[in-house]
Amino acid sequence: MALPSDMALIGEILQFIGVFVSFSIAYVAFRGVRQTESSSLLRLATAFVFLGFGFLVEGVVGLNALLPAPQVTTTAVVVAGLLLETTGYFFLAFSHAVDVMLSKKMGGALLVFPVATLSGAQLADILSILSFYFVLYGVVETVYSYSRTRKPDTLLIAMGLALIGVGTFVQWLSLLYLQVDVLSLLQIIMKEMGLVILFTPVLRFAVGGVRLDGTV
Amino acid sequence: MVQYRTQVRIIADVLSTARDMNTEGTGVGVTTLLRKGNMSYTRMSKLLSELVGSGLLLELTGEKISKYMISEKGIQFLAAYYNFEDFAQSFGLRL
């Protein structure tokens, strides 16, 4: 992915915003697990830990590629970063899948949908498209949840997930069309915008006068 | 559509009943908890023992029946529960 260096640098810095947002959400979710022993929050925390490490690996690999230092970037490391990210999206979708099973909905059928789309494409392509479907599933379930609760925050999170979903789709396109530099930056911007939107509930915890240990 | 409650949700329901129905400050009887908690007597008895054991509920033993009152720890648990329920709902999840 040969980006002009300035654009690439911006892109890699944005990855670290993703790291911060992901770990912040994971932190609040883990606090929730400790206080309430909720398995939903445990899956949410696990999802964002994977996403955080995924963005971290991708950011470090990207920055390393920009520096004149000895290159440690290998395809395996890049794929490892993507694998961590995809696993994060899987847990995000899995949280909803368990919720679906609890309420005996038919939405579980959507979970097998990504598997059916696998082809003989390269591993990075497969991981990107898998991420896309996992996020898409998360968007569908979050919108469904909004239809039940009518909670504005839920709709906001669905929009954030949708942005991440479009970002992962553009990421897949950028892997296919390597010569289109702007796609790589675009996918990072969309994903980071989506993640910043996901940060909203965490901000409410920090600013809304509620301490992280749950006491008012 | 049937909405199944998670264990933590059931605990929150019992604690909030013990808090809200304790209008006279003398505690809430098992019958009230059963009616509001919507579960069997056996299951409620087991849950009440656990909640008293963990310090979330206080058991006020009378001559014939026991009554239950939410403890300070229980109030803190409920506050945390509602905060994190709000957080989980933002992500379209249930606690």
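Tell me about the packing of aromatic side chains, and name the residues and values.
All names here are of chain A. Applying the stated criterion to the full structure yields 10 aromatic pairs over all chains. On the basis of an interplanar angle of 70° and a centroid distance of 5.4 Å, the ring pair of phenylalanine 90 and phenylalanine 134 is categorised as edge-to-face. Separated by 44 residues along the polypeptide, phenylalanine 90 in helix H3 (residues 75-102) and phenylalanine 134 in helix H5 (residues 123-149) bring together distant segments of the chain. Phenylalanine 134 gets classed as buried once you look at its relative accessible area, which sits at 10%. Feature note: the residues Phe50, Phe90, Phe91 and Phe134 constitute an aromatic cluster, connected by ring pairs.

So what's going on with the pattern of salt bridges? Residues and values would help.
Residue and element names in this part refer to chain B. Summed over the entire model, instances satisfying the criterion amount to 4 salt bridges over all chains. Between aspartate 13 and arginine 9 there is a salt bridge, with the nearest N and O atoms lying 3.4 Å from each other. Here aspartate 13 and its partner arginine 9 are both found in helix H1 (residues 7-20), 4 residues apart, which amounts to about one turn of the helix.

Quick rundown of the packing of H5 of chain A against helix H6 (residues 152-176) of chain A? Include the residues and the values.
Residue and element names in this part refer to chain A. Relative orientation of the contacting elements H5 and H6 amounts to 165°, with a least axis distance of 8 Å. Put simply, H5 runs roughly antiparallel to H6. When the axes of H5 and H6 are compared, the crossing they make is left-handed. Residues of the contact of H5 with H6, tallied by class, amount to 18 nonpolar, 10 polar and 1 charged.

For the environment of threonine 36 of chain A, give the residues involved together with the corresponding values.
As for its position among the elements, threonine 36 of chain A is in helix H1 (residues 5-36). Take threonine 36 of chain A: its relative accessible area is 4%, and that puts it in the buried class. Contacts of threonine 36 of chain A, omitting those with residues within four sequence positions, involve Leu41 of chain A together with Val8, Phe77, Tyr81, Phe84 and Leu95 of chain B.

Can you lay out the packing of H6 of chain A against helix H7 (residues 181-198) of chain A for me, pointing to particular residues and giving the numbers?
All names here are of chain A. H7 packs onto H6 with a crossing angle of 160° between their chain directions and a minimal axis gap of 7 Å. With respect to their mutual orientation, H6 and H7 come out roughly antiparallel. Between H6 and H7 the crossing geometry is left-handed. Considered class by class, the residues forming the contact of H6 with H7 number 15 nonpolar, 8 polar and 1 charged.

For the confidence of the model for chain B, give the residues involved together with the corresponding values.
Residues and elements named next belong to chain B. Within chain B, residue pLDDT values average 87, and 97% of them lie at 70 or more. Across chain B, the secondary-structure element scoring lowest on mean pLDDT is helix H2 (residues 30-37), at 86, and the one scoring highest is helix H3 (residues 41-53), at 92. This prediction of the complex comes with two scores: 0.78 for pTM and 0.77 for ipTM.

How would you sum up the pairing of strand S3 (residues 66-70) of chain B? Please name residues and give values.
Residue and element names in this part refer to chain B. Summarising the sheet, strand S1 (residues 28-29) and S3 pair through 2 bridges and their orientation is antiparallel. By the bridge assignment, glycine 29 is partnered in S3 with lysine 67. Hairpin connection of strand S2 (residues 57-61) to S3: 4 residues between the antiparallel strands.

Break down H1 of chain B for me, with residues and values.
All names here are of chain B. The first and last C-alpha atoms of H1 sit 20 Å apart over 14 residues, in line with the 20 Å expected at 1.5 Å per residue. Summarising burial for H1: 10 of the 14 residues are buried, a large majority. Of all the residues in H1, the buried ones are Val8, Ile10, Ile11, Ala12, Asp13, Val14, Leu15, Ser16, Thr17 and Ala18.

Quick rundown of the sheet that holds S3 of chain B? Include the residues and the values.
Residue and element names in this part refer to chain B. One open sheet holds the 3 strands; their spatial order is S1-S3-S2, and the pairing between them is antiparallel. Of all the strands in the sheet, the pair left with one neighbour each is S1 and S2. With 5 bridges connecting them, S2 and S3 associate as antiparallel partners. Looking at S3, one finds that leucine 58 is bridged to methionine 69.

What counts and how
- Residues numbered from 1 in each chain as written.
- Chains lettered and ligands numbered in written order.
- Predicted model: local features only at pLDDT ≥ 70, side-chain atom pairs only at ≥ 80, totals over all residues.
- Heavy atoms only, no water.
- Phe/Tyr/Trp six-rings, centres within 6.5 Å; stacked < 30°, edge-to-face > 60°.
- Helix = DSSP H or I, 4+ residues; strand = E, 2+ residues; numbered from the N terminus.
- Buried < 20%, exposed > 50% of the residue type's maximum accessible area, 1.4 Å probe, protein only.
- Salt bridge = Lys/Arg side-chain N within 4 Å of Asp/Glu carboxyl O.
- Axes fitted to C-alpha atoms, helices over the stretch in contact; angles between N-to-C directions.
- Parallel < 35°, antiparallel > 145°, perpendicular 65-115°, else oblique.
- Left-handed = near helix turned anticlockwise from the far one by under 90°.
- Nonpolar A, V, L, I, M, F, W, Y, C, P; charged D, E, K, R; others polar.
- Contact = heavy atoms within 4.5 Å.
- pLDDT = per-residue confidence, 0-100.
- Pairing = 2+ DSSP bridges.
- Expected span 1.5 Å × (residues − 1).

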